[in-house]
Amino acid sequence: MTNRVRRTTTEPRIRAALTELLAERELGAISVSDITRRAGINRGTFYAHYVDKHDLVQQLIDGVLDDLANIVLGEDDEAAGESAETVLDTADPIPFERVHGALIYVRDHYVLIAALTGNGTDQRIYEQTKRLIGELVERSARRHGITVDYGDVPEDYAREMMLSGVASVIWLWLRRGCPDDPRDIATILWRAKSRSLEECTQRHVSN
């Protein structure tokens, strides 16, 4: 067996073992030996891939965030082949299909994400989710000639309220076990934007 094949078969086993263990107990109560026993490998093999269990967790988190970033901030809708019928409003600050795609990913990887976030209690991925939403809103606003106007509310506070509202709905769905269809949650977020995002946006009027 080549090193490449061995690596591609070993890493998924290690990551699956940690995911299973995190569903049973907190990281502090999990040892490298626990992980290697569950994965059916020796400690030397583990350390050939990871510095320690914290490095393993961080790589898992980074992988989730990279995947979400690719979904949320990937190619433009037209380049990705999205038809007009699949996008409820192509000039919307939060493109529906990008949010929908991210929610499908969360549902499909629920076991891993729930384990990494302590079933939605760990804030690391939550904060990064807010950052991705902020980047999506700002990029979409630039693309469609929209400027963000927070009125009398200081920008940092208004932006936090806007992004926290969206992220909190997603996190509530995650803590409940993702029971609702991702499209239903995306629709809730898209419709609720009128109470937050559209109140802070002002379209440029061309002369």
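Further up the page is the structure itself.
Summarised in this report is the structure supplied together with it. (Residues numbered from 1 in each chain as written. Predicted model: local features only at pLDDT ≥ 70, side-chain atom pairs only at ≥ 80, totals over all residues. Heavy atoms only, no water.)

## Focus on the environment of Ser31
Working step 1: Summarising the element assignment, Ser31 is placed in the loop between helix 1 (3-24) and helix 2 (32-39).
Working step 2: Residues Ser31 and Asp52 lie 21 residues apart in sequence; the distance between their C-alpha atoms is 9.4 Å. (Helix = DSSP H or I, 4+ residues; strand = E, 2+ residues; numbered from the N terminus.)

## Notes on the packing of aromatic side chains
Working step 1: If you walk through the whole model with that rule in mind, you get three aromatic pairs.
Working step 2: Their ring planes at 90 degrees and their centres at 5.3 Å tell us that Phe46 and Tyr47 sit as a pair that is edge-to-face.
Working step 3: The structure contains a cluster of three or more aromatic residues connected by ring pairs, namely Phe46, Tyr47 and Tyr50. (Phe/Tyr/Trp six-rings, centres within 6.5 Å; stacked < 30°, edge-to-face > 60°.)

## With respect to the pattern of salt bridges
Working step 1: Enumeration over the complete set of coordinates arrives at 11 salt bridges.
Working step 2: Between Glu127 and Lys130 there is a salt bridge; the shortest N-O distance is 3.5 Å. Of this pair, Glu127 and Lys130 are both found in helix 7 (residues 123-143), three residues apart, which corresponds to roughly one turn of the helix.
Working step 3: A relative accessible area of 37% places Glu127 in the partly exposed class.
Working step 4: Between Glu160 and Lys130 there is a salt bridge, and its shortest N-O distance comes to 2.4 Å. Here Glu160, found in helix 8 (residues 155-175), pairs with Lys130, found in helix 7; they are 30 residues apart in sequence, far enough to count as distant.
Working step 5: The exposure class of Lys130 is buried, given its relative accessible area of 5%.
Working step 6: It is possible to trace a salt-bridge network through shared partners that takes in Glu20, Glu24, Arg25, Asp34, Arg37 and Arg38. (Salt bridge = Lys/Arg side-chain N within 4 Å of Asp/Glu carboxyl O. Buried < 20%, exposed > 50% of the residue type's maximum accessible area, 1.4 Å probe, protein only.)

## Things to note about the side chain of His49
Working step 1: Mapped onto the fold, His49 is located in helix 3 (residues 43-49).
Working step 2: A distance of 2.8 Å separates the side chain of His49 from the backbone oxygen of Thr45, its partner in a polar contact. (Polar contact = N/O pair within 3.5 Å; in protein donor to acceptor, adjacent residues only side chain to side chain.)

## Here we look at the nonpolar core
Working step 1: Ranked by internal contacts, the top residues of the largest apolar core, which has 50 residues, are Leu18, Ile35, Phe46, Leu56, Val64 and Leu116.
Working step 2: Counting only elements with at least two residues in this core, the list comes to helix 1, helix 2, helix 4 (53-73), helix 5 (96-108), helix 6 (110-116), helix 7, helix 8 and helix 9 (182-192).
Working step 3: In this structure, Leu18 is in contact with Leu27, Ile30, Ile35, Leu56, Val57 and Leu60, ignoring residues within four places of it in sequence. (Core = buried A, V, L, I, M, F, W, Y, C linked by side-chain atoms within 4.5 Å. Contact = heavy atoms within 4.5 Å.)

## Here we look at unusual backbone geometry
Working step 1: Backbone geometry at Cys178 places phi at a positive 55 degrees, although glycine is not the residue there.
Working step 2: Secondary-structure assignment places Cys178 in the loop between helix 8 and helix 9.

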